[in-house]
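If you want the building blocks of each chain, they are given just below.
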Amino acid sequence: MGSVNLGAEIVSIGTEILLGEITDTNSVFMARTMRDLGVNVYHMVSVGDNKQRIADVIRTALLRADVVLTCGGLGPTVDDMTRDAIALATDRELIFHDELLAMIAERFEKYRVQMTENNRRQAYLPAGARVIENAVGTAPAFIVEYGSGVVVSLPGVPREMKYLMTEKVVPYLREHFGITEQIILARILKTAGIGESMLDEMLGTELLEQTNPTIGLAAHSGQIDIRITAKADTRVQASSMIDEIDHVVRERAGQFIFGVDDDRLENALAKMLTDNNAGIALNETGIGQVIYDRLAAADADLIVRSDVYETPEALSAVLNLNRETALKDIAEAAAAKLLAETDCSAALVVVSRPDVDENSDKEAGTAVVVATREASRHRVYGFGGRNENVQQFVGNWSTGIAWRMLKELFDEA
């Protein structure tokens, strides 16, 4: 069977995931591993430590996936129910393996830790299961072949899971399903200064709806990612397919693309300022130095001036504005002051009320203005300086708009 038609489902097991006590990074790693192997992941499911619910999830997964990957619930305690649930889901008994218990005992001896009696639970596996030797931990992993599909059960400890996925599971899947070297590659083109609906229209339906490579949009505040994903027999072929679509995308929306994959907005802005021997001035009120920290990490020398005020009222007093002045007007006045008093090419101003948590329907909490000597743009949010969204939303939007406005300015020069 070729990998082009294979589908996988990932099942993360553990009540602590559902309670928000831990972040499920294991599923991300497993999904990327499947992507690189050329296997499509269509579903990810999280389920708590309940045997019946785990079994129900696995039964459903086996109906719609060739490969079911489970992670977690293989320890020695009573709430480690994955073995029992997989046996229930695949209509098998649990069988005790003396040799498996000996392997577990050997691991404990190697780590110089006393093995407790409850570790015997880990030596029970569904009948017919194939043991995956865990050379980096004590919890045995296993594979159950069921009909035309397989269930691969891995421990939840990230180090153990990653080792077993790479060294044991991938080779097994290649052999069992006859997977060739076909892989899935992805490239992300990062854009700023354009909305999702406008970018969608600019790219066009025929481009966005094609199947291989596929193109998808992911919106962030002030930034839209264009993900191009290709499946091919070799990495070279997949990369070439992506290059072709990359060229078309840049022809249609290249003026909004600031980077690829892990490139960051602040680095793109810093490079543009450096290339044009230009600088930027900042005013941050009520949020600390969110923008300064981002830009300084890229190149602090590009910041011509950085003003910081604790409250809008403090900034208004410096600008000789009354206390009733709207946040947007305060920000625009601060931007004009920066442009008048420095030789910067752009001013970036954030004015926020620190005591506003989130009240977007009733009052403005944060205003952002980006201004050059030719034009200005602004945005108003309903949350204030203490809200956790400030750094992400304000930072992305203002940096993206500054990049876009300066790009237009320098392109025209």
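Above this note sits the structure.
Note that the structure is a prediction, hence the values are computed from the model and not measured.

## Side note on the sheet that holds strand S10 (residues 214-220)
The four strands are arranged S10-S11-S9-S12 in an open sheet whose pairing can be described as antiparallel. At either margin of the open sheet sits one strand with a lone partner, and together these are S10 and strand S12 (257-260). Going from strand to strand, the sheet's axes swing by 25 degrees on average, the running direction of each strand aside. Across ten bridges, the pairing between strand S9 (residues 183-192) and strand S11 (residues 223-232) is antiparallel. Bridge pairing links Ile-183 to Ala-232 in S11.

## Section: the layout of surface pockets
To find the voids left in a structure, one rolls a probe of water-molecule size over its atoms. Taken as a whole, the largest pocket holds about 570 Å³ of empty space. As for the largest pocket, its lining consists of 18 residues, and the residues nearest its centre are Arg-32, Arg-35, Ala-186, Arg-227 and Thr-229. Take the lining of the largest pocket: its biggest share by element is six residues, from S9. Of the residues that constitute the lining of the largest pocket, the class distribution is eight nonpolar, two polar and eight charged.

## Section: the pattern of salt bridges
Under the criterion given, the structure shown has 17 salt bridges. Among the ionic pairs, Arg-130 bridges to Glu-145, the shortest N-O distance being 3.5 Å. In this pair, Arg-130 is assigned in strand S6 (residues 130-132) and Glu-145 in strand S7 (residues 141-146), connecting sequence segments 15 residues apart. A relative accessible area of 45% means that Arg-130 is categorised as partly exposed. Its relative accessible area of 34% is what places Glu-145 among the partly exposed residues. Between Asp-246 and Arg-250 there is a salt bridge, and its shortest N-O distance comes to 2.5 Å. Of the two residues, Asp-246 and Arg-250 both sit in helix H9 (residues 235-253), four residues apart, roughly one turn of that helix. For Asp-246, a relative accessible area of 7% gives the class buried. A relative accessible area of 36% means that Arg-250 is categorised as partly exposed. One network of salt bridges, in which partners are shared, links Arg-187, Asp-243, Asp-246 and Arg-250.

## Some details on the side chain of Thr-342
Here Thr-342 lies in the loop between helix H13 (327-341) and strand S15 (346-352). Only 3.3 Å separates the side chain of Thr-342 from the backbone nitrogen of Cys-344, close enough to count as a polar contact. Apart from the residues within four sequence positions on either side, Thr-342 is in contact with Ala-281, Val-304, Arg-305 and Arg-373.

Rules used throughout
- Residues numbered from 1 in each chain as written.
- Predicted model: local features only at pLDDT ≥ 70, side-chain atom pairs only at ≥ 80, totals over all residues.
- Heavy atoms only, no water.
- Pairing = 2+ DSSP bridges.
- Helix = DSSP H or I, 4+ residues; strand = E, 2+ residues; numbered from the N terminus.
- Axes fitted to C-alpha atoms, helices over the stretch in contact; angles between N-to-C directions.
- 1 Å grid on protein atoms, 1.4 Å probe; cavity = no way out; pocket = protein on both sides within 12 Å on 5 of 7 lines; lining within 4 Å.
- Points joined across faces, edges and corners; volume = space filled by probe spheres on them.
- Nonpolar A, V, L, I, M, F, W, Y, C, P; charged D, E, K, R; others polar.
- Salt bridge = Lys/Arg side-chain N within 4 Å of Asp/Glu carboxyl O.
- Buried < 20%, exposed > 50% of the residue type's maximum accessible area, 1.4 Å probe, protein only.
- Polar contact = N/O pair within 3.5 Å; in protein donor to acceptor, adjacent residues only side chain to side chain.
- Contact = heavy atoms within 4.5 Å.

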